[in-house]
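As a plain string of letters, each chain reads:
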Protein chains: 2
Amino acid sequence: MSIRKESPDRRSFLKRSSAVLTGAAASALTPAAAAQNLAGEAWERVYGAGFTAYGERSRFEQPVVRHVFRPYGDLAPGSGAALSPIESLEGIITPSSLHNIRSHSGTPDIDPKRHQLILHGLVARPVKLSIESLSRYPMVTRTHFLECSGNSNRALAPQPLQVPAGSLHGNMSCSEWTGIPLRLLLEEAGVLPQAKWLLAEGADSAHMSRSVPMEKALDDALVAIYQNGERLRPEQGYPVRLLLPGWEGNMNVKWLRRLKATAEPMHTKDETSKYTDLLPDGRAMQFTFEMGVKSVITRPSSTMALARGAVYEISGLAWSGAGRIRRVEVSADGGTSWTDAALTGQERPKSFVRFRLPWEWKGTETLLQSRATDEKGQVQPARREWLSQYSPGNTYHNNSIVTWAVGADGSVKHVYA
Amino acid sequence: MSIRKESPDRRSFLKRSSAVLTGAAASALTPAAAAQNLAGEAWERVYGAGFTAYGERSRFEQPVVRHVFRPYGDLAPGSGAALSPIESLEGIITPSSLHNIRSHSGTPDIDPKRHQLILHGLVARPVKLSIESLSRYPMVTRTHFLECSGNSNRALAPQPLQVPAGSLHGNMSCSEWTGIPLRLLLEEAGVLPQAKWLLAEGADSAHMSRSVPMEKALDDALVAIYQNGERLRPEQGYPVRLLLPGWEGNMNVKWLRRLKATAEPMHTKDETSKYTDLLPDGRAMQFTFEMGVKSVITRPSSTMALARGAVYEISGLAWSGAGRIRRVEVSADGGTSWTDAALTGQERPKSFVRFRLPWEWKGTETLLQSRATDEKGQVQPARREWLSQYSPGNTYHNNSIVTWAVGADGSVKHVYA
């Protein structure tokens, strides 16, 4: 971790109350522009489109799409990942249509009237639950992020890829989830004292399954049926998914069909053949559940271009599987000095937080970084520090600091620093 | 306002920790059901759908749509309102595709590269702003409701309409908005001391326009460009709208093209020929800006049916234009006695709050009501009390208590009480 110190670089960061803050963006209104405004654009002279039952975005926004990676191509078009275009988004909530996806055998087309969730194994009263019956249970609503444990593995390529931020770090998203506390269902089934784990299995054709410690299941786990106000999206587990706030994405089992209380973890294919961390001594570490404290600047970010001498707002996302974000610092000198950013949403544990800091780019080469600290005092590690913990082949749990380099020409590039 | 008193009726409300809470919903897992689960459904035996660039909801959810009202029919297919199906939604955020719409001349198809917002009138430095330049200003993210001042006017029909809750009370929604504090733009333009109002004008062909007190513009007003993480939806003002948190919907001018600082209100057609409140003495009251404290139970609600002797969770929405919701009470005896519901999101001012209360329906006739109180101490009025303030012809600002009647047969009906 770098030493925190004050430096002259802080002068490039502006106070929100600063008069210079906004000076570079607006244009003076010329008489010609005023006349043009008065005349009005073409769309002001025609009657607009009619109402729709279920709306869509503007045709001008259609270039904003997920970054899709299909390692098996057309042979398995739903195996791989679709990353969220975080470089084009703002705020905290990820639009459901742009939520990241990680799937092993595509998205099943589940009839919610037929789907059943069963709860069995080491329980006193095995039960089955339809979606209709789940809908009558007490529910809670909470905002939580989901991050694939393989997120940012593309930032481990030998050379830094010159692609948009979402294509590197967008295997994560944040939604408002509504569902039933899993604890309620477990209490109803009557978990036996020897049950220390819970096997969670999905209804996709891969039967994606993971072992979950009972302690987490009884803590803040949810059986979620709504996402951002409406029923779950198919890619997010429609009609029901497990939600283990702050834990690696694949454990939040989608299309949840079965929860089996067990004495020991089941060592499924999904927790042995993959989702283990390779250590420097050649061993694989199993069961790294919690996602580390992390942040990324989304604007400006790689592949963008800045105008010389212009005022910008640095904007980005921070999150931690351990709880709330306490602090996000931004550096414009490659980590020599740091300035605190303003936070939005920091009252929500295990949720994205939006950080922002107004900044004047003075036309010189600059290294932009962000560094998050969570309420447990954990600090996002430097890239070198993170790399030293693992084998070079490890591709999971990369929460290291991201660096964007602004060139003298205003181009923003992805660099390793 | 009813007298708050404790009553035997409270026994029908259950504690969240109650063992009886969940007993009525799950079924015991029979050997046959376990065998069926083991065999798996059809969708578990086929490879699922591939990734999409921009996702859609399940085909099984497509019956959930906005309630569209087009008073001029095909002559003006975008004039009227489309109400949010709140009876089918949960949580706090309204999905953007199901956000309510109130439009006077349809939705314009605006090119964000051509659209300009000008700021002129009684200012030292008139300016024009493109969407690109607005995107470089400091932004904030906040969750706020929007409610048409005509919401719940269908609950003023001579006889209570037997339609879903959203068809009566869904002319409101709640989103996470991201935008530029209007104060920043006004400071840049240099508002002159004599400017006490701001004319806000939209780029629809109706040039919908309203006069806004400068005090509100300098307080918490936003120039919003993002909604629920992505750019505004076309029906919500793409590419830029005014947001006046807590104030009647139509003042939050969509497709914002012009802000003109003025000494007096402009008395536009949209604040004289409509959006005024008819008083008992025949006069019309102008400029009722703030939306009153209000709540509605969304589940169970009219047109639904309950199973006898079953446990439910009463769930609904509460909000106030004056700030935070402090309390929501629920009655199951037509307002004789009240019990406090649990609240989610009450830390957010001028936002929906989700209230919930577990409840056992014992098979008898029951009148369900909710009553919200805000942080200013304002209490949602009873229907009779509200009606007494206005002429019978008034259709705006109906924030009175809503009553759903559960019949002995489990049917839920809309009644006036």
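Below, the structure is looked at part by part. (Residues numbered from 1 in each chain as written. Chains lettered and ligands numbered in written order. Predicted model: local features only at pLDDT ≥ 70, side-chain atom pairs only at ≥ 80, totals over all residues. Heavy atoms only, no water.)

**Points about the overall build of chain A**
Summing up its helical and strand segments, chain A has six helices and 25 strands in all. Scaling as 2.2 N^0.38, a compact globule of 417 residues should have a C-alpha radius of gyration of about 22 Å, and chain A matches this with 23 Å. Here the C-alpha coordinates of chain A stretch approximately 75 × 65 × 45 Å along the principal axes. Looking at chain A as a whole, 64% of its 417 residues qualify as buried. Counting only contacts in chain A whose residues sit at least 6 apart along the sequence, the fraction spanning at least 24 positions is 73%. Side-chain charges of chain A comprise 49 positive and 41 negative groups, with the mean position of each set lying 1 Å from the other. (Helix = DSSP H or I, 4+ residues; strand = E, 2+ residues; numbered from the N terminus. Rg over C-alpha atoms; globule rule 2.2 N^0.38 Å. Buried < 20%, exposed > 50% of the residue type's maximum accessible area, 1.4 Å probe, protein only. Contact = heavy atoms within 4.5 Å. Lys, Arg positive; Asp, Glu negative; His and termini not counted. Charge placed at Lys NZ, Arg CZ, Asp CG, Glu CD.)

**A word on the relation of the copies chain A and chain B**
Note on the identical chains: chain A maps onto chain B by a rotation of 180° and an axial translation of 0.0 Å, with an RMSD of 0.0 Å. Expressed as a symmetry operation, the mapping of one chain copy onto the other fits a two-fold axis. Take the interface residues of chain A: 100% of them recur as interface residues in chain B, which is what a same-surface contact looks like. (Least-squares fit on C-alpha atoms with pLDDT ≥ 70 in both.)

**With respect to the pattern of salt bridges**
In total, this model carries 50 salt bridges over all chains according to the counting rule given. In this structure, Glu-271 of chain A engages Arg-210 of chain A in a salt bridge whose closest nitrogen and oxygen atoms are separated by 3.1 Å. Placement of the pair is Glu-271 of chain A in the loop between strand 14 (256-262) and strand 15 (277-278) and Arg-210 of chain A in strand 10 (residues 209-213), with a sequence separation of 61 residues. There is no split in this pair, since Glu-271 of chain A and Arg-210 of chain A are both buried. Asp-340 of chain B is the partner of Arg-327 of chain B in a salt bridge, and the nearest nitrogen-oxygen pair spans 2.7 Å. In this pair, Arg-327 of chain B sits in strand 19 (residues 325-331) while Asp-340 of chain B sits in strand 20 (residues 339-340), placing the two residues 13 residues apart along the sequence. With a relative accessible area of 28%, Arg-327 of chain B lands in the partly exposed category. Bridged by salt links that share partners, the residues Glu-90, Arg-299, Glu-313, Arg-354 and Arg-356 of chain A form one connected network. (Salt bridge = Lys/Arg side-chain N within 4 Å of Asp/Glu carboxyl O.)

**Considerations on the sheet that holds strand 1 (residues 27-28) of chain A**
Taken together, six strands build an open sheet; the order of strands is 1(A)-6(B)-5(B)-14(B)-9(B)-10(B) and the sheet is mixed. In the strand order of this sheet, the two ends are held by strand 1 of chain A together with strand 10 (209-213) of chain B, each with one partner. Sheet topology note: the strand 5 (residues 116-121) of chain B/strand 6 (residues 127-130) of chain B ladder contains four bridges and is antiparallel. Following the sheet pairing, Leu-117 of chain B is matched in strand 6 of chain B by Leu-129 of chain B. Each of strand 5, strand 6 and strand 14 (256-262) of chain B is contacted by helix 1 (residues 31-39) of chain A, which is oriented at about 115° to strand 14 of chain B, the strand it contacts most. Sitting on the sheet, helix 4 (residues 182-189) of chain B touches strand 5, strand 6, strand 9 (197-202) and strand 14 of chain B, and the angle it makes with strand 5 of chain B is about 55°. (Pairing = 2+ DSSP bridges. Axes fitted to C-alpha atoms, helices over the stretch in contact; angles between N-to-C directions.)

**A look at the pairing of strand 14 of chain A**
In regular strands, side chains alternate between the two faces of the sheet. Residue and element names in this part refer to chain A. Taking burial as the measure, the seven residues of strand 14 include six buried ones, the bulk of the element. Summarising the sheet, strand 5 (residues 116-121) and strand 14 pair through four bridges and their orientation is parallel. Paired with Ile-118 across the strands is Arg-258, a residue of strand 14. Two strands pair when backbone bridges link them, and strand 9 (residues 197-202) and strand 14 are joined in this way by six bridges, in the antiparallel orientation. Note on strand 14: the bridge partner recorded for Leu-198 is Ala-261.

**What to know about the environment of Gly-292 of chain A**
Residues and elements named next belong to chain A. For Gly-292, the position within the fold is in the loop between strand 16 (284-285) and strand 17 (294-299). In sequence terms Gly-292 and Trp-319 are 27 residues apart; their C-alpha atoms lie 8.2 Å from each other. The residues touching Gly-292, leaving out its near neighbours within four places in the chain, are Trp-319, Ser-320, Gly-321 and Asn-399.

**Structural notes on the environment of Ala-417 of chain B**
Residues and elements named next belong to chain B. Tracing the chain through its elements places Ala-417 in the segment after strand 25 (412-415). Residues Ala-417 and Arg-383 lie 34 residues apart in sequence; the distance between their C-alpha atoms is 7.0 Å. Leaving out residues up to four positions away in the same chain, Ala-417 has contacts with Gln-369, Arg-383 and Thr-403.

**Notes on the packing of aromatic side chains**
Per the counting criterion, the structure on display carries 18 aromatic pairs over all chains. When the ring of Trp-197 of chain A is compared with that of Phe-289 of chain A, the centres are 6.4 Å apart and the planes differ by 65°; the resulting orientation is edge-to-face. Note that Trp-197 of chain A is positioned in strand 9 and Phe-289 of chain A in the loop between strand 16 and strand 17, a separation of 92 residues in sequence. Residue classification places Trp-197 of chain A among the buried residues on the basis of a relative accessible area of 16%. Each ring, one from Trp-319 of chain B and one from Phe-352 of chain B, has its centre 5.3 Å from the other, and the planes form 50°; the classification is tilted. Separated by 33 residues along the polypeptide, Trp-319 of chain B in strand 18 (residues 311-319) and Phe-352 of chain B in the loop between strand 21 (342-344) and strand 22 (353-360) bring together distant segments of the chain. Both residues of the pair, Trp-319 of chain B and Phe-352 of chain B, count as buried. Three or more aromatic residues joined by ring pairs make a cluster, and in this case those are Trp-197, Trp-247, Phe-287 and Phe-289 of chain A. Across from the ring centre of Tyr-416 of chain A, 3.4 Å away, lies the NZ or CZ of Arg-383 of chain A, which sits over that ring. In this structure, Arg-57 of chain B is placed above the aromatic ring of Tyr-54 of chain A, and the distance from its NZ or CZ to the ring centre is 3.6 Å. (Phe/Tyr/Trp six-rings, centres within 6.5 Å; stacked < 30°, edge-to-face > 60°. Lys NZ or Arg CZ within 6 Å of the ring centre and 35° of its normal.)

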